[in-house]
Amino acid sequence: MLDDRNEESSKPNKPESPPQLKKSRTISGDDATPIFPGPLFPAVRRISTIPSSRNWPPPDRHASNTAADHRDFSDRDWVFPSFVLPQNPSKRSSKKHASSDASITSQLAGATEAAAAERKKIKLVPQPGREAPSTSELTRPSSRTRARDLKPSLLLLFLLTFICILSVPYAVYLRQRIAKLEECCISKNVGTDDNIEASLSEKNPTILRFPNAERRTLVLYSVVFTLAMPFVLYKHLDYFSHLTILSKNKNNKEEVPLKKRIAYMVDVCFSVYPYAKLLALLFATILLIGFGGLALYAVNKNSFAEALWLSWTFVADSGNHADTEGIGPRIVSVSISSGGMLIFAMMLGLVSDAISEKVDSLRKGKSEVIERNHILVLGWSDKLGSLLKQLAIANKSVGGGVVVVLAERDKEEMEIDIAKLEFDFMGTSVICRSGSPLILADLKKVSVSKARAIIVLASDENADQSDARALRVVLSLTGVKEGLRGHVVVEMSDLDNEPLVKLVGGELIETVVAHDVIGRLMIQCALQPGLAQIWEDILGFENAEFYIKRWPQLDGLRFENVLISFPDAIPCGIKVAADGGKINLNPDDKYVMKEGDEVLVIAEDDDTYAPSAFPEVCAGLCPNTVEPPKYPEKILFCGWRRDIDDMILVLEASLPLGSELWMFNEVPEKEREKKLTDGGLDISQLENIKLVHKEGNAVIKRHLENLPLETFDSILILADESLEDSVVHSDSRSLATLLLIRDIQSKRLPYKETKSTSLRLSAFSHSSWIREMQQASDKSIIISEILDSRTRNLVSVSRISDYVLSNELVSMALAMVAEDKQINRVLEELFAEEGNEMCIKPAELYLYDQEELCFYDIMLRGRQRQEVVIGYRLANVERAVINPSLKSAVRKWSHDDVFVVISINE
């Protein structure tokens, strides 16, 4: 073997070519078993072109055979790649070859050479069920190899460390012994050095002596050693970690160095404990003063106490070391002063960070709100601006209030958006806080338990996601341990989700379904032109609104007397205490007020009305005018709403037999019936209206031209379901549809004028207001659903007859229910298709043309029709007057005037 190696070494050195894996095949079945099973060292087999033989080497072969003869290996001979581990012979082979002669040794040398030649033809064969090792695993040195490499250096390092640590206390011990011996010599008057040495030899013959050692020098060495040891230990922390792993005999694939673990622990400590940085700075200051005092004690002649005080002065004021003399004291003083400047800079940094963190906390809205009887708004939406405006107007009578807004937005952004409203809040303070309404800690931060009302706004998502989030917010509110003082007003998006929220919240929850309210209001405005402006006046706090209050002086009076008892308000209902606080809207005239009953009125403010003496009235009788019957109507829906099935049911209850409802949108006709059926509408049960389906795009003019737009009595432009998440896109589409319809109607106007007047218009031929509203939109009432209140001016320019500001109206309703949750019952009844509703009636039903009456007289005549007259609109005035101030003033009325009444829906 040695001869063959010498022969190989004598050959010229050639560049070694990369190994090529040729003629390789994998093992299947029980063909062979690897020598070293395991995932790290896969089995490898050498493939030979010469037939294998079980008896190798044959007895007739000699060691001088050619290299080709040395390739006779059987298929069970397994080796490993050379890049994994060197091919060492096994113990069994070494014992056998040790007892053999020189010929066998030469044969093994030839076999080794042949194995090296065949090493190019090997292939890795992983064991079945085991993953092949990666390159990093194959090339990674073993733990034993690392231990063998690190063992000498680690032993030397630990030996030096042990000697250094042991030498310090030993030197201190020696110094103490020397001091005692010096005292002993002085007491015995030992004068010469020889005598001292002899005395030392007699008392301590085995102790090493330092004849020139001084205490200060020892202290200096101790300080230098103590300061240097941490840096040395930190430098070699990785070696300690390897030693620890080897001592525990752990075969970890990934070993975390000790240095990283210490850094991680320090990071966690500073992150978890807020005062850890301050304590670390204090500890560093004490160490600097202590070691600085020791160093000054070693280089100066001062006492240790004076050295500590001098060290403190150097730390506190770096300029104090200017008067220091001597090289040693100057070096120490400069070092102490440098450390003091570093500590002072760190202290400034900590103070600056603390101040910045506090300022950022205030700026980002993380501080706690300490308020009481405030209104809390949870969430952020485009309705917030009009909501804050209405709340500010409502609090004007009490000098202003406090409104707290909690939303998942930055505090500065919220304040900037509120400032853009350019509205005078009239003493009301708006406080913004950043946080989530789903987190109890954030709710406590805004004093949720002390708020008199909580408003949960719907998020700008689809209906189901928005209602799901509102449900989670209600669950969070019910989890407040302190309890809730006020009621909760929740804005819902889908009527089907309302029962679940009420079930979770209980009696404290009042819901306002925005989509359903706007849908019903649009239908009422389509059937009653001009009703949108009246609803804006009643729902908003700028004019007259609903109030409920107890008046004991009215007990025992009938409702017909109560009706004319308020000169500055109009009673329209009674809250019956005997019936569990149920609000009876438009009660019977013979109802007698009992103890505990409250009066529902429409007034300017809650402190602007009070009962007074009965006025002198002479009502008289209403004209014997029969209200004209309802005639069939033809209505067009442009767009597809999520709750369009509920709107169809409202129309079915409001329209007479023979009416038609045309539905024009992009939803295929087959899908429409399925959506309507899934919404709970049975089309076969519709009796009064007939559905006509038309498919097309409402913003394409040629699609609209295919519709008989001049024949519809009312056209409702709905905010399409596909765009309800985007306010801007939805309003842009509604405006485009409105302008296209108006343009098409204006071109077809001559055809419209040649036809006879519609049946509904002929029934109210004396009402100039209704005629003007229809003529403003080219003989048809157009109602457009507008989501953004800023689009109001654009709608007014487009000559629309009526409009609905959905977000603004919903905000008004939310603010009114937040001020008094009982008003929600009134609004629910007025918006419902059954019960009492708000209507516009012509004056010819209550008086004769040019008749002179006061408003009290008209109110009493309205009671003859079981109606409550709450306002009027004159023929030559643009807006209606709700709750007129001078009710006793007599004036002349015309048949062109109209009255706003609350009547029972027949």
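Reading guide: rules and limits
- Residues numbered from 1 in each chain as written.
- Predicted model: local features only at pLDDT ≥ 70, side-chain atom pairs only at ≥ 80, totals over all residues.
- Heavy atoms only, no water.
- Helix = DSSP H or I, 4+ residues; strand = E, 2+ residues; numbered from the N terminus.
- Buried < 20%, exposed > 50% of the residue type's maximum accessible area, 1.4 Å probe, protein only.
- Contact = heavy atoms within 4.5 Å.
- Areas by Shrake-Rupley, 256 points an atom, 1.4 Å probe, with all protein chains shown as cover.
- Axes fitted to C-alpha atoms, helices over the stretch in contact; angles between N-to-C directions.
- Parallel < 35°, antiparallel > 145°, perpendicular 65-115°, else oblique.
- Left-handed = near helix turned anticlockwise from the far one by under 90°.
- Nonpolar A, V, L, I, M, F, W, Y, C, P; charged D, E, K, R; others polar.
- 1 Å grid on protein atoms, 1.4 Å probe; cavity = no way out; pocket = protein on both sides within 12 Å on 5 of 7 lines; lining within 4 Å.
- Points joined across faces, edges and corners; volume = space filled by probe spheres on them.
- Pairing = 2+ DSSP bridges.
- Core = buried A, V, L, I, M, F, W, Y, C linked by side-chain atoms within 4.5 Å.
- Arc of directions from axis to C-beta.
- Expected span 1.5 Å × (residues − 1).
- Salt bridge = Lys/Arg side-chain N within 4 Å of Asp/Glu carboxyl O.
- Patch = residues over 30% accessible without salt bridge, like charges linked within 9 Å, V, L, I, M, F, W, Y side chains within 5 Å.
- Lys, Arg positive; Asp, Glu negative; His and termini not counted.
- Charge placed at Lys NZ, Arg CZ, Asp CG, Glu CD.

**Q** What should I look at first to understand the overall build of the protein chain in this one?
**A** Counting its regular elements, the protein chain contains 31 helices and 25 strands. When each of the 906 residues of the protein chain is scored for burial, the buried share is 43%. Contacts spanning at least 24 positions in sequence make up 76% of the contacts within the protein chain whose residues lie at least 6 apart. Summing over all exposed atoms, the protein chain offers an accessible surface of approximately 49,100 Å²; the carbon and sulfur share of this is 56%.

**Q** It is not clear to me how the packing of helix α10 (residues 276–299) against helix α11 (residues 304–316) should be interpreted in this structure. Could you clarify?
**A** Each pair of packed helices can be described by the angle between their axes along with the distance between the axes. Running from N to C, α10 and α11 cross one another at 125°; their axes reach a closest spacing of 8 Å. Regarding the angle of α10 to α11, the classification is oblique. In this structure, the crossing between α10 and α11 has a hand that is right-handed. In contact with L288, I289, G290, G292, G293, L294, L296 and Y297 of α10, α11 contributes F304, A307, L308, L310, S311, W312, F314 and V315. The residue inventory of the contact of α10 with α11, partitioned by class, reads twelve nonpolar, four polar and no charged.

**Q** Where do I start with empty space enclosed by the protein in this structure?
**A** Think of a ball as big as a water molecule: rolled over the atoms, this probe shows where empty space is left. Applying the stated criterion across every chain, the model contains six cavities of 30 Å³ or more. Along the wall of the largest cavity there are 26 residues; nearest its centre are K383, S493, H515, E724 and N807. Counting only elements with at least two residues in the lining of the largest cavity, the list comes to α16 (463–478), β8 (487–492), α18 (514–527) and α29 (806–819). A class-by-class count of the residues in the lining of the largest cavity yields nine nonpolar, seven polar and ten charged.

**Q** I would appreciate a short explanation of the pairing of strand β17 (residues 714–717) in the present structure.
**A** It is a general feature of regular strands that their side chains alternate between the two faces of the sheet. On β17, burial covers both faces: S714 and L716 on one face and I715 and I717 on the other are all buried. Looking at chain direction, strand β14 (residues 634–638) and β17 are connected through four bridges and run parallel. Within the sheet, the bridge partner assigned to C638 lies in β17 and is I717. With four bridges connecting them, β17 and strand β18 (residues 781–786) associate as parallel partners. Among the inter-strand pairings, L716 is bridged to a residue of β18, identified as I783.

**Q** Is there a simple way to explain the nonpolar core in this structure?
**A** Across soluble globular proteins, nonpolar side chains have a tendency to be buried as a group. F546, L716 and F899 are the most contacted members of the largest nonpolar core, which has 127 residues in total. Sequence-distant contacts of L716, that is, excluding residues within four places in its chain, are made with M522, I523, A526, I635, L636, F637, C638, M647 and I783. Core analysis: the next-biggest nonpolar cluster, separate from the first, contains 24 residues, L406, V446, L471 and V473 among them.

**Q** It is not clear to me how the sheet that holds β8 should be interpreted in this structure. Could you clarify?
**A** Picture the strands of a sheet paired through backbone hydrogen bonds; they go either parallel or antiparallel. Here six strands make up an open sheet; going across it, the order is β6-β5-β4-β7-β8-β9 and the pairing parallel. Among the strands making up the open sheet, the edge pair consists of β6 (429–434) and β9 (509–513). Averaged over all pairs of adjacent strands, the angle between strand axes in this sheet comes to 20°, irrespective of strand direction. Strand direction decides the pairing type here: strand β4 (residues 375–378) and strand β7 (residues 453–456), joined by four bridges, are parallel. The residue bridging I375 from the neighbouring strand is A453, located in β7. Running at roughly 170° to β8, α16 makes contact with β4, β7, β8 and β9 of the sheet.

**Q** What exactly am I supposed to notice about helix α17 (residues 498–505) here?
**A** Helical geometry: 3.6 residues make up each α-helical turn, so side chains three or four residues apart lie on a common side. Every buried residue belonging to α17 is among E498, V501 and G505, and all of these are buried. Buried positions in α17, seen along its axis, are confined to an arc of 65° and lie on one side of it. Exposed residues on α17 whose side chains face more than 90 degrees from its buried face are P499 and L503. The first or second residue beyond α17 is G506, which carries a positive phi of 80°.

**Q** For this particular structure, what's the right way to read the environment of L310?
**A** Topologically, L310 is positioned in helix α11. Taking relative accessible area as the criterion, L310 reaches 26% and is therefore assigned partly exposed. In this structure the C-alpha to C-alpha distance between L310 and I336, which are 26 residues apart in sequence, comes to 10.0 Å. Ignoring any residue separated from it by four or fewer positions in sequence, one finds L310 in contact with L296, N300 and N302.

**Q** Would you mind showing me how to read the packing of α10 against helix α12 (residues 327–363) here?
**A** Axis separation between α10 and α12 bottoms out at 10 Å; the angle between their running directions is 170°. It follows that α10 is roughly antiparallel to α12 by the angle criterion. Judged by residue contacts, K277, L278, L281, A284, T285, L288, G292, A295, L296 and V299 of α10 engage G328, P329, V332, I336, G339, G340, I343, M346, M347 and L350 from α12.

**Q** Just checking my understanding: could you explain the environment of G328 for this structure?
**A** Along the polypeptide, G328 turns up in helix α12. C-alpha of G328 to C-alpha of A295: the two residues are 33 residues apart in sequence and 9.3 Å apart in space.

**Q** For this particular structure, what's the right way to read α18?
**A** Between its terminal C-alpha atoms α18 stretches 20 Å, which fits the 20 Å expected from 14 residues at 1.5 Å a residue. Burial of α18 is extensive: 14 of the 14 residues sit out of reach of the surface.

**Q** So what exactly am I meant to see when it comes to the pattern of salt bridges here?
**A** Any two side chains of opposite charge can pair, given that their charged atoms come close. Considering all chains together, one arrives at 24 salt bridges under this definition. Between E560 and R558 there is a salt bridge; the shortest N-O distance is 2.3 Å. A relative accessible area of 34% places R558 in the partly exposed class. The partner of R863 in a salt bridge is D589, with the nearest N and O atoms 2.6 Å apart. Linking R863 in helix α31 (residues 855–864) with D589 in the loop between β12 (582–585) and β13 (598–603), this pair joins segments that are 274 residues apart in sequence.

**Q** Just to check I follow, could you spell out a negative patch on the surface for this structure?
**A** On the surface, D382, D460, E461 and D725 cluster together to form a negatively charged patch. Tracing the backbone through its elements, the reader meets E461 in the loop between β7 and α16.

**Q** What exactly am I supposed to notice about a nonpolar patch on the surface here?
**A** Side chains of F344, M347, L348, V351, I355 and V359 sit close together on the surface and give an oily, nonpolar patch of about 540 Å² of accessible area. The residue I355 is located in helix α12 in this model. Since its relative accessible area comes to 51%, I355 is described here as exposed.

**Q** How should I be thinking about the sheet that holds strand β10 (residues 545–549) in this particular structure?
**A** As summarised here, the arrangement of the four strands in space is β10-β13-β11-β12, forming an open sheet in which the pairing is antiparallel. Looking along the sheet, the strands with just one partner apiece sit at the ends: β10 and β12. Shown here is a sheet whose adjacent strand axes are inclined to one another by a mean of 30°, direction ignored. Both strand β11 (residues 569–576) and β12 contribute to a ladder of four bridges, which runs antiparallel. Counted as the bridge partner of V576 is K582 from β12. With respect to the sheet, helix α30 (residues 823–831) is in contact with β10, β12 and β13, its orientation differing from that of β12 by roughly 45°.

Worth remembering: the numbers are spatial, not functional.
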